[in-house]
Amino acid sequence: MAKLLRLSRNALRAPANPSIRRQLSTVSGGQTAGTAAAVSGDHVKWDYRGQRMVIPLGQWIPKVAVDAYVAPNVVLAGQVAVQDGASVWSGSVLRGDLNKITVGFCSNVQERCVLHAAWSSPTGLPADTNIERFVTIGAYTILRSCTVEPECIIGQHSVLMEGSLVETHSILEAGSVVPPGRRIPTGELWAGNPARFVRPLSHDEILEIPKLSVAVNDLSRSHFSEFLPYSTVYLEVEKMKKALNIPL
């Protein structure tokens, strides 16, 4: 405090001295700004309390495969694994603080989905959230301690509760709610709240399920390239240089 008062007195006597003014702002800013982001002279104070993409919890660190696409504003916390060719799209939250969450090969979790896992399932079934290969999870879907077997489609705004199981080659219509412990048999279309059997799927419909997952994976490649170290921003820079007659 005494140093602050001396600097303040000196600053009043010589207000044009930039070094004293910089010291004054640094000392006073350190005592009043805390961790808030601020610029004072040549010093920058950063606020580290904002959203983080990857959040380790204890010994658990989220794992993302090299060729998996995870959008910049996705949150992965704790025991989360995003496997090869998978994609997690903007605004989704995968919170593996109580149990494991797995997004399998070439599966996709679309915008603003929430995946969570409980300590244990009231049905006695596995409590982790497991999405296997070639699965499409529609936007705004909530999954909690459930299992989705290979080659399935979960429509947007659906809810899968603890212990629910969607067997392979099945489709869940948009807005469906699967109660705890409910099993969706293989090769069937279910819909409603609570979800009910609608009809069996045709052979052609079953063949289209993995094709949708592959199409989303191909689309994610164009997004993925924008977040490589070089991305494609250099094209805009070159265009601007040409417009301003600046040598490339």
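Residues numbered from 1 in each chain as written. Predicted model: local features only at pLDDT ≥ 70, side-chain atom pairs only at ≥ 80, totals over all residues. Heavy atoms only, no water.

K.L.:
Sorry if this is basic, but what is going on with the sheet that holds strand E9 (residues 108-109) here?
P.N.:
Backbone-to-backbone hydrogen bonds join strands into a sheet, with any given pair of strands oriented parallel or antiparallel. Read across the sheet, eight strands follow the order E5-E7-E9-E12-E15-E18-E21-E22 without closing on themselves; strand pairing throughout is mixed. Every interior strand has two partners, whereas the edge strands, strand E5 (69-70) and strand E22 (196-200), have only one. (Pairing = 2+ DSSP bridges. Helix = DSSP H or I, 4+ residues; strand = E, 2+ residues; numbered from the N terminus.)

K.L.:
Explain the environment of Ser164 to me, please; I cannot follow it from the model alone.
P.N.:
Mapping Ser164 onto the fold places it in the loop between strand E16 (159-160) and strand E17 (165-166). Assessed through its relative accessible area of 2%, Ser164 is described here as buried. What Ser164 contacts, discounting residues up to four positions off in sequence, is Ser145, Cys146, Thr147, Val178, Pro179, Gly181 and Arg182. (Buried < 20%, exposed > 50% of the residue type's maximum accessible area, 1.4 Å probe, protein only. Contact = heavy atoms within 4.5 Å.)

K.L.:
Mind showing me how you'd approach the pairing of strand E21 (residues 188-191) here?
P.N.:
Successive residues of a regular strand alternate their side chains across the two faces of the sheet. Sheet topology note: the strand E18 (residues 171-172)/E21 ladder contains two bridges and is parallel. Looking at E21, one finds that Leu172 is bridged to Trp190. The antiparallel pairing of E21 with E22 creates a hairpin that spans four residues between the two strands, and Gly192 there sits at a positive phi of about 105°.

K.L.:
I keep staring at helix H3 (residues 203-225) and nothing clicks. Help me out?
P.N.:
Side chains that are three or four residues apart share a direction in an α-helix, a result of its 3.6 residues per turn. Its 23 residues give H3 an end-to-end C-alpha distance of 35 Å, which sits within 8% of 33 Å, the value for a rise of 1.5 Å per residue. If you check which residues of H3 are buried, you get Ile206, Ile209, Pro210, Ser213, Val216, Asn217 and Ser220. (Expected span 1.5 Å × (residues − 1).)

K.L.:
In this structure, what is going on with the pairing of strand E8 (residues 93-103)? I would like to understand it.
P.N.:
Looking at chain direction, strand E6 (residues 75-82) and E8 are connected through seven bridges and run parallel. By the bridge assignment for E8, Ala77 is matched with Arg95. As paired elements, E8 and strand E10 (residues 114-116) share three bridges and run parallel to each other. Looking at E10, one finds that Leu94 is bridged to Leu115.

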